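Each chain, written out:
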Amino acid sequence: MQVLVTGGAGYIGSHTVVELLNNNYEVIIVDNFCNSKREVLDKIQEITKKSFKFYEGNVCDKAFLNKIFDENNIEAVIHFAGYKAVGESVAKPLMYYQNNIDSTLALCEVMNAHNCKQIVFSSSATVYKESEIQPLQENFPLGTTNPYGTTKLINEWILKDLYQADNEWNIMLLRYFNPTGAHESGLIGEDPEGIPNNLMPYIMQVATGKLDHLNIFGNDYDTKDGTGVRDYIHVVDLAKGHLQALEGFKKYKGVNIYNLGTGTGYSVLDIVNAFMEVNQVDIPYKIVSRRPGDIGRNTGDPTKAYKELGFKAEKTIQDMCRDAYRYAVTHQKK
Ligand code: NAD
Ligand code: UDP
């Protein structure tokens, strides 16, 4: 089966491509490297020893997409391509709406024209309204607080409307919680430019000496140790969820929505302590005030994904910390 992976050179995309190739899917990657590096493609090859097709270009470009669909026999698309930084989306909303929405519109139009009507879309836990009731379930109220989140929600609406208009479409909306970790080879992982916003990439830079300490944003939340709790999921578990979603097309028609997380919440201090223990490195930290817009707890109920797709995250918090650090160390040597 030929699968087109948009954004396949990115963090989650590259790990998903590895799993697809290991499971004998024929993979076609499209990426414009706006947030990734070309060398990732070599690393995917090195890990899997398998070949795949690659097209460099912008997913918003319909003529470019038409060429790809004309030259191949694509049966399904996994659509990762998009911008993902919340803070940047607040500063540059037009850029976010343009890229994240135009790419989906162009892609679906070209898919339609080629009678390819199966899409797995990267949505996010950020589409949920803040809720006292945790873990979040797929039918909980939706609402966003920043342009990035709104682009995800709009994409969900676009895809739902597409199905309403044409019931031949099969659509999987996967709401990821907090992806972290890296491939156990240490060859691919998360490599943000500049000072990271997310917890694990920040800890990695402290661990490798690029930053001197971690700021923990608040220890006065109503959580077990006062620090923020999130549903961290190892990126390889998350990647495998995409293969299960592709398999799910055989059984589940129409629009299907799934949380992809572990259902378990870990606090900032849980992560820091696990990281120090498994990697035997010190992570100096200071408690500072809460980050504006943050919430104390955000975890997702993965029961639906388990029951319908057979999805179950297997890797532990120790695996996430060990693999993230291995990638940071390997990567730094280059
Ligand atoms: P990433 O930035 O590492 O990967 C995205 C890839 O898409 C990059 O390689 C980038 O170069 C490419 N890209 C972006 N716009 C493009 C365009 N117009 N044409 C071609 N290529 C383009 O991000 P990621 O962490 O792998 O996330 C993948 C998807 O999952 C994104 O849609 C993101 O919003 C979503 N998501 C990510 C997280 C997370 O924490 N990483 C959480 C929830 C949802
Ligand atoms: N966090 C922190 N210091 C940092 C980055 C994050 O204390 O430098 C905390 C943050 O307040 C939250 C958790 O770590 O409680 C996860 O933050 P991240 O930005 O990775 O994910 P999100 O908040 O978007 O779910």
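What comes next is a walk through the structure.

About the thresholds
Residues numbered from 1 in each chain as written. Chains lettered and ligands numbered in written order. Predicted model: local features only at pLDDT ≥ 70, side-chain atom pairs only at ≥ 80, totals over all residues. Heavy atoms only, no water. Helix = DSSP H or I, 4+ residues; strand = E, 2+ residues; numbered from the N terminus. Rg over C-alpha atoms; globule rule 2.2 N^0.38 Å. Areas by Shrake-Rupley, 256 points an atom, 1.4 Å probe, with all protein chains shown as cover. Lys, Arg positive; Asp, Glu negative; His and termini not counted. Charge placed at Lys NZ, Arg CZ, Asp CG, Glu CD. Expected span 1.5 Å × (residues − 1). Buried < 20%, exposed > 50% of the residue type's maximum accessible area, 1.4 Å probe, protein only. Contact = heavy atoms within 4.5 Å. Pairing = 2+ DSSP bridges. Axes fitted to C-alpha atoms, helices over the stretch in contact; angles between N-to-C directions. Left-handed = near helix turned anticlockwise from the far one by under 90°. Phe/Tyr/Trp six-rings, centres within 6.5 Å; stacked < 30°, edge-to-face > 60°. Salt bridge = Lys/Arg side-chain N within 4 Å of Asp/Glu carboxyl O. Near = heavy atom within 4 Å. Polar contact = N/O pair within 3.5 Å; in protein donor to acceptor, adjacent residues only side chain to side chain. Nonpolar A, V, L, I, M, F, W, Y, C, P; charged D, E, K, R; others polar. Right-handed = clockwise from strand over helix to strand, strands pointing away.

### Re the overall build of the protein chain
Stage number 1. Tallying secondary structure elements over the protein chain gives 11 helices and 14 strands in all.
Stage number 2. In terms of overall dimensions, the protein chain is globule-like: its C-alpha atoms have a radius of gyration of 19 Å, near the 20 Å expected for 334 residues.
Stage number 3. Total accessible area on the protein chain is roughly 14900 Å²; 47% of this is exposed by carbon and sulfur atoms.
Stage number 4. Between the mean site of the 34 positive side-chain charges and the mean site of the 41 negative ones, the protein chain shows a separation of 2 Å.

### Things to note about helix 5 (residues 93-113)
Stage number 1. With 21 residues, helix 5 extends 30 Å between its outermost C-alpha atoms, agreeing within 8% with the 30 Å of an ideal straight helix rising 1.5 Å per residue.
Stage number 2. Tyr96, Asn99, Asn100, Ile101, Ser103, Thr104, Ala106, Leu107, Cys108, Val110 and Met111 are the residues of helix 5 that are buried.
Stage number 3. Buried residues along helix 5 sit in contact with strand 1 (2-6), helix 3 (62-71), strand 4 (76-79), helix 4 (86-91), strand 5 (118-124) and helix 6 (147-165).
Stage number 4. The first or second residue beyond helix 5 is asparagine 115, which carries a positive phi of 55°.

### A look at the sheet that holds strand 12 (residues 266-267)
Stage number 1. Pairing within the open sheet is mixed, and its three strands lie in the order 12-9-14. Unpaired on one side and paired on the other, strand 12 and strand 14 (297-298) mark the two borders of the sheet.
Stage number 2. Bridge count between strand 9 (residues 229-230) and strand 12: two bridges; the pairing is antiparallel. Of the residues in strand 12, the one forming a bridge with valine 229 is serine 267.

### Considerations on the packing of helix 7 (residues 199-207) against helix 9 (residues 268-279)
In a packed pair of helices, the relevant descriptors are the angle between the two axes and the axis-to-axis distance.
Stage number 1. Two elements in contact, helix 7 and helix 9, have axes whose closest approach is 11 Å; the angle formed by their N-to-C orientations is 35°. The element helix 7 and its partner helix 9 pack so that their crossing is right-handed. Contacts from Leu199, Met200, Ile203, Met204 and Ala207 of helix 7 reach helix 9 at Val268, Ile271, Val272 and Phe275.

### Section: the side chain of serine 267
Stage number 1. Turning to its location among the elements, serine 267 is positioned in strand 12.
Stage number 2. In this view, serine 267 contacts Lys224, Asp225, Thr227, Gly228 and Val229; residues no more than four positions away in its chain are not counted.

### Observations regarding the packing of aromatic side chains
Stage number 1. Applying the stated criterion across every chain, the model contains four aromatic pairs.
Stage number 2. Taken together, a centroid distance of 5.6 Å and an interplanar angle of 75° make the contact between phenylalanine 275 and tyrosine 325 edge-to-face. With phenylalanine 275 in helix 9 and tyrosine 325 in helix 11 (residues 317-333), this residue pair connects regions lying 50 residues apart in the sequence.
Stage number 3. The class of phenylalanine 275 is buried, set by a relative accessible area of 0%.

### Structural notes on the pattern of salt bridges
Stage number 1. For the coordinates displayed, the defined rule picks out 15 salt bridges.
Stage number 2. Its salt-bridge partner being glutamate 168, residue lysine 117 comes within 3.0 Å of it at the nearest N-O pair. Here lysine 117, found in the loop between helix 5 and strand 5, pairs with glutamate 168, found in the loop between helix 6 and strand 6 (170-176); they are 51 residues apart in sequence, far enough to count as distant.
Stage number 3. Residue classification places glutamate 168 among the exposed positions, given a relative accessible area of 51%.
Stage number 4. Of the charged contacts in the structure, one is a salt bridge between aspartate 319 and arginine 322, with a shortest N-O distance of 3.1 Å. Of this pair, aspartate 319 and arginine 322 both sit in helix 11, three residues apart, roughly one helical turn.
Stage number 5. A residue is classified by how much of its surface remains accessible, and aspartate 319, at 19% relative accessible area, is buried.

### Topic: the site of ligand 1
Stage number 1. Taken together, 26 residues are adjacent to ligand 1, and Asp31, Asn35, Ser36, Lys84 and Tyr148 come closest.
Stage number 2. Asparagine 32 is positioned such that a nitrogen or oxygen atom in its side chain is 3.1 Å from a nitrogen atom of ligand 1.
Stage number 3. In this structure, an oxygen atom belonging to ligand 1 sits 2.6 Å away from a side-chain N or O atom of asparagine 35.
Stage number 4. Coverage of ligand 1 by the protein amounts to 95% of the 820 Å² it exposes when considered alone.
Stage number 5. Secondary-structure elements contributing two or more residues to the shell around ligand 1 are helix 1 (11-22), strand 5 and helix 6.
Stage number 6. A per-element tally of the shell around ligand 1 places strand 5 first, with three residues.
Stage number 7. Class assignment of the residues belonging to the shell around ligand 1 gives a composition of 11 nonpolar, 12 polar and three charged.

### With respect to the site of ligand 2
Stage number 1. Near ligand 2, the surroundings consist of 15 residues, among which Leu199, Asn215, Arg230, Arg291 and Asp294 are the closest.
Stage number 2. Measuring from a nitrogen atom of ligand 2, one finds a backbone N or O atom of asparagine 215 at 2.7 Å.
Stage number 3. One of the side-chain N or O atoms of arginine 291 is found 2.8 Å from an oxygen atom in ligand 2.
Stage number 4. For ligand 2, the protein covers 87% of the area, taking 520 Å² as the surface of the free molecule.
Stage number 5. For the shell around ligand 2, the elements supplying multiple residues, two or more each, are helix 7 and strand 8 (214-217).
Stage number 6. Element by element, the count of residues in the shell around ligand 2 is highest for strand 8, at four residues.
Stage number 7. The residue inventory of the shell around ligand 2, partitioned by class, reads seven nonpolar, five polar and three charged.

### Focus: the pairing of strand 5
Stage number 1. Taken across its seven residues, strand 5 has seven buried, putting it largely inside the fold.
Stage number 2. Alternating positions in strand 5 separate into two faces, Gln118, Val120, Ser122 and Ser124 on one and Ile119, Phe121 and Ser123 on the other, with burial throughout.
Stage number 3. Pairing of strand 4 with strand 5, which is carried by three bridges, proceeds in the parallel orientation. Within the sheet, the bridge partner assigned to valine 77 lies in strand 5 and is isoleucine 119.
Stage number 4. Across seven bridges, strand 5 lies against strand 6 in parallel orientation. Note that in strand 6 the partner of serine 124 across the bridge is tyrosine 176.
Stage number 5. In the classification by handedness, the crossover that spans strand 5, the intervening helix 6 and the parallel strand 6 is right-handed.

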